[in-house]
Structure formats: structure tokens, C-alpha cells
Amino acid sequence: MTVQLNHTIVVAHDKRASARFLADVLGLDVSPPYGPFLPVEIPNGVTLDYMDSPGAITPQHYAFLVSEEEFDQIFARIQEAGLTYWADPFHSRPGEINHHDGGRGAYFDDPDGHRLEIITRPYGSGG
């Protein structure tokens, strides 16, 4: 067996709201609870397991590789929701997307400040 990422825990102040946010933006489903976790399964089999945390949350970065068609659909949902988006992870280029490696990419934040990214080409794949 090759090494594969299976799941990661995403801390949130409200796991239901945060899991629903991600699922809605990406066009996915929230899975049934598993213990204290509320999973959102990504189509490649990795789950983001949301867990409530009452304390301060250190923002993490989660990047999702999507097709051009999926990018259009997700980006439309980002715009329809009135979310601020950026072309860069430093939030210095608001209202823009990037075209790294000949693809498209955009960053946006979830309700807990986690930095989410959608890209159509893996970094370093050329252009």
C-alpha cells in the first residue's frame, strides 16, 4: 500500500456550521457524525473531520484541486455568497484570482478563519 492521507481534524467553534460551509461551497455532503467529529468527505476519499473547540483557533490552510468546470461552479457559489476572495494566501490581492501554472486559483476563508484554496493545476505543473 502506498502512503495516503486519510483524514485530518479541523477545529471549529461550531463544527456543524463550519462543515456545512465547506460542503456547500464545494458542492459536497456532510457525512453522519463519527464520535465527536463531523466529516466532510472529499471525492478522493480524504475526510476533513470537524471538531468543536471552545478556545482560540489557529487558522490552517486547506487546498483543493478541482477541474476547470468545478472551479467555475465553486467560484460562482463563492461570489453568490458574497464571500471575500483573494488571488494569494496573504490576502493582498482581494477580488482577484491567480493563474499559476496555467490554471486558476482563489483563496477564501471559512467561518473560523481557516484559509481555503481552490486550484485547477497543481503547483509546479507548468503552464
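Residues numbered from 1 in each chain as written. Predicted model: local features only at pLDDT ≥ 70, side-chain atom pairs only at ≥ 80, totals over all residues. Heavy atoms only, no water.

Observations concerning the overall build of the chain
Thinking step 1. A count of helical and extended segments in the chain gives 2 helices and 7 strands.
Thinking step 2. The secondary structure elements of the chain, listed N-terminal to C-terminal, are β-α-β-β-β-α-β-β-β.
Thinking step 3. In terms of C-alpha radius of gyration, the chain reaches 15 Å, essentially the compact-globule figure of 14 Å for 127 residues.
Thinking step 4. Its C-alpha atoms give the chain principal-axis dimensions of about 45 × 40 × 25 Å.
Thinking step 5. Within the chain, the proportion of its 127 residues that are buried is 39%.
Thinking step 6. For the chain, contacts bridging at least 24 residues in sequence account for 51% of all contacts bridging at least 6.
Thinking step 7. Put simply, the chain shows about 7200 Å² of open surface, and 54% of that area lies on carbon and sulfur atoms.
Thinking step 8. Side-chain charges of the chain comprise 8 positive and 18 negative groups, with the mean position of each set lying 1 Å from the other. (Helix = DSSP H or I, 4+ residues; strand = E, 2+ residues; numbered from the N terminus. Rg over C-alpha atoms; globule rule 2.2 N^0.38 Å. Buried < 20%, exposed > 50% of the residue type's maximum accessible area, 1.4 Å probe, protein only. Contact = heavy atoms within 4.5 Å. Areas by Shrake-Rupley, 256 points an atom, 1.4 Å probe, with all protein chains shown as cover. Lys, Arg positive; Asp, Glu negative; His and termini not counted. Charge placed at Lys NZ, Arg CZ, Asp CG, Glu CD.)

So, the environment of Gly55
Thinking step 1. The residue Gly55 is located in the loop between strand 3 (47–52) and strand 4 (61–65) in this model.
Thinking step 2. Gly55 sits in the partly exposed class, given a relative accessible area of 31%.

Quick look at empty space enclosed by the protein
Thinking step 1. Applying the stated criterion across every chain yields a total of 1 cavity of 30 Å³ or more.
Thinking step 2. Taken as a whole, the largest cavity holds about 30 Å³ of empty space.
Thinking step 3. As for the largest cavity, its lining consists of Asn98, His100, Gly103, Arg104, Gly105, Ile119, Thr120, Arg121 and Tyr123.
Thinking step 4. Across the lining of the largest cavity, the residue classes break down as 2 nonpolar, 5 polar and 2 charged. (1 Å grid on protein atoms, 1.4 Å probe; cavity = no way out; pocket = protein on both sides within 12 Å on 5 of 7 lines; lining within 4 Å. Points joined across faces, edges and corners; volume = space filled by probe spheres on them. Nonpolar A, V, L, I, M, F, W, Y, C, P; charged D, E, K, R; others polar.)

Remarks on the sheet that holds strand 1 (residues 7–12)
Pairing between the strands of a sheet is mediated by backbone hydrogen bonds and can be parallel or antiparallel.
Thinking step 1. Pairing within the open sheet is mixed, and its 3 strands lie in the order 1-3-2. Of all the strands in the sheet, the pair left with one neighbour each is strand 1 and strand 2 (38–41). On average, adjacent strands in this sheet sit at an angle of 25° to one another, irrespective of strand direction.
Thinking step 2. One ladder, built from 6 bridges, connects strand 1 with strand 3; its direction is parallel. Along strand 3, the bridge assignment pairs His7 with Thr47.
Thinking step 3. Taken strand by strand, helix 1 (residues 15–26) contacts strand 1, strand 2 and strand 3, and its axis lies near 155° from that of strand 3. (Pairing = 2+ DSSP bridges. Axes fitted to C-alpha atoms, helices over the stretch in contact; angles between N-to-C directions.)

Everything listed here is a matter of geometry and, on its own, says nothing about what the molecule does.
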